[in-house]
Amino acid sequence: MGRQIDAADLAEQHVEQYLGRVSGYLHGADPQIVNETLEEMRLHLRACCEELVHRGYSADQAIRMSVQRFGSSSKVGRSLAWQLAADSIFVKLYCALTLSRYVKFFVIFWRTPMASDSDPVVTAAQPWLIPALTLMLLWQIITTLTATRPRSPARVQQNILSMQRDLINPKYLNPTGFLRYLYLTFLLLIGIECLHHHIYRLGILCILEAIEFAFIRTAANRILGRVSA
Amino acid sequence: MKEQHELKKGSTQTLILAVLGDAPSHGYAIAREIERRSASALKMGEGALYPALRALENEGFISSAWELQLSGPARKVYTLTEKGQGELARQKSAWQKFSEAVNSVIGGAPHGQTN
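Parameters at a glance
Residues numbered from 1 in each chain as written. Chains lettered and ligands numbered in written order. Predicted model: local features only at pLDDT ≥ 70, side-chain atom pairs only at ≥ 80, totals over all residues. Heavy atoms only, no water. Helix = DSSP H or I, 4+ residues; strand = E, 2+ residues; numbered from the N terminus. Buried < 20%, exposed > 50% of the residue type's maximum accessible area, 1.4 Å probe, protein only. Areas by Shrake-Rupley, 256 points an atom, 1.4 Å probe, with all protein chains shown as cover. Phe/Tyr/Trp six-rings, centres within 6.5 Å; stacked < 30°, edge-to-face > 60°. Contact = heavy atoms within 4.5 Å. Buried area = accessible area lost by both parts, 1.4 Å probe. Salt bridge = Lys/Arg side-chain N within 4 Å of Asp/Glu carboxyl O. Polar contact = N/O pair within 3.5 Å; in protein donor to acceptor, adjacent residues only side chain to side chain.

Trainee: Even after reading the chapter, I still don't get the overall build of chain A, so can you show me in this structure?
Mentor: A tally of regular secondary structure across chain A gives ten helices and zero strands. The N-to-C order of helical and strand elements in chain A reads α-α-α-α-α-α-α-α-α-α. The buried share of chain A, taken over its 229 residues, is 37%. About 13,700 Å² of surface is accessible on chain A, with carbon and sulfur atoms providing 63% of the total.

Below, the structure written as structure tokens:
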């Protein structure tokens, strides 16, 4: 009897560990839907174990076979994330893009021979600008890391609404077609040229600008599509 | 390779719709029914069933409700909607055309040879 209980506990433990790994991918999804989905999967795994035990397998074998049949937790988790937490993926993308913008400003105002020699305003502003930008950069890193915490789905929705407000701003509506590709090519060529001549900061700035320009429109469209839907 | 992956994903949804086309069912029973009907030839990762079910539900092809069972715990039972019936018919027709095309290439005579 004791051994049966141990086996049942072990099975339960294995199932919970597996579901825990899956739920790790579902940050930012509605907790009720996540709980329902995990409960369905729990029932599925238990039923599978019971069936295999009835067929003569040991409890330990049955657990391993059930989990194996279910497939890798990372694959299941990622697939579920696209269905249950797609918004949070775009929130993360948006936050990462905003972070890249802060990094860009940080790079511009960082003390470089080019900036301090040629621009007295930038040189005068550096003592307070750099600490302020550093704080903003740290704040944005924290926001990016915490934007889709599992316990704050309301926060995710709030983030989406704030992005919607931001994205109405016409500065995000970049030109399309030939001009878009021309601008991207220009930025990348300048960036590569700067890196080639060891002007690393300006080179990184140009490449960050190109990445931001290329992806922000896609991210904005996806977020706006999600919000309006 | 990408096309193969997409085909597999699409196939899972078609198989689910086909099973639910006969009767409402829950996740575990759907997996077993696919295995039974294919004589164990189609053994997908059963975990893939749930993202596919969520996708079908989001599209409005199936609906779900928790139902008490005569024995055992409550189960989430999925039912094909009217929209889903239309989608099933469309996917069946598309699959038939695809398999006929593949069969005609595999089973057809080499180019330039006629019987």
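From this point, the narrative continues.
Trainee: Could you clarify how one ought to interpret the packing of aromatic side chains in this entry?
Mentor: The geometry of an aromatic ring pair is captured by the separation of the ring centres together with the interplanar angle, meaning the angle of the planes. Applying the stated criterion across every chain, the model contains three aromatic pairs over all chains. Their ring planes at 25° and their centres at 5.9 Å tell us that Phe-70 of chain A and Tyr-50 of chain B sit as a pair that is stacked. Remark: Tyr-50 of chain B occurs in helix α3 (residues 49-59) and Phe-70 of chain A occurs in helix α3 (residues 59-70); the pair is interchain, linking two chains. As far as burial versus exposure is concerned, Phe-70 of chain A and Tyr-50 of chain B are alike and both buried. Through pairs of rings, three or more aromatic residues link up here, namely Tyr-18 and Phe-70 of chain A together with Tyr-50 of chain B.

Trainee: Would you mind going over the interface of chain A and chain B with me for this structure?
Mentor: If you look at the interface, chain A gives 17 residues, while chain B gives 21 residues. When chain A packs against chain B, close to 1,700 Å² is buried across both sides, 58% of that on carbon and sulfur atoms. Seen at the junction of chain A and chain B, the total is three salt bridges. With its nearest N and O atoms 3.2 Å apart, the salt bridge here joins Glu-40 of chain A to Arg-54 of chain B. Between chain A and chain B we count eleven residue pairs in polar contact (both at pLDDT 80 or more) in total. Of all the secondary-structure elements, those providing two or more residues to the side of chain A that touches chain B are α2 (31-54), α3 and α4 (73-84) of chain A. The biggest single contributor to the side of chain A that touches chain B is α2 of chain A, with ten residues.

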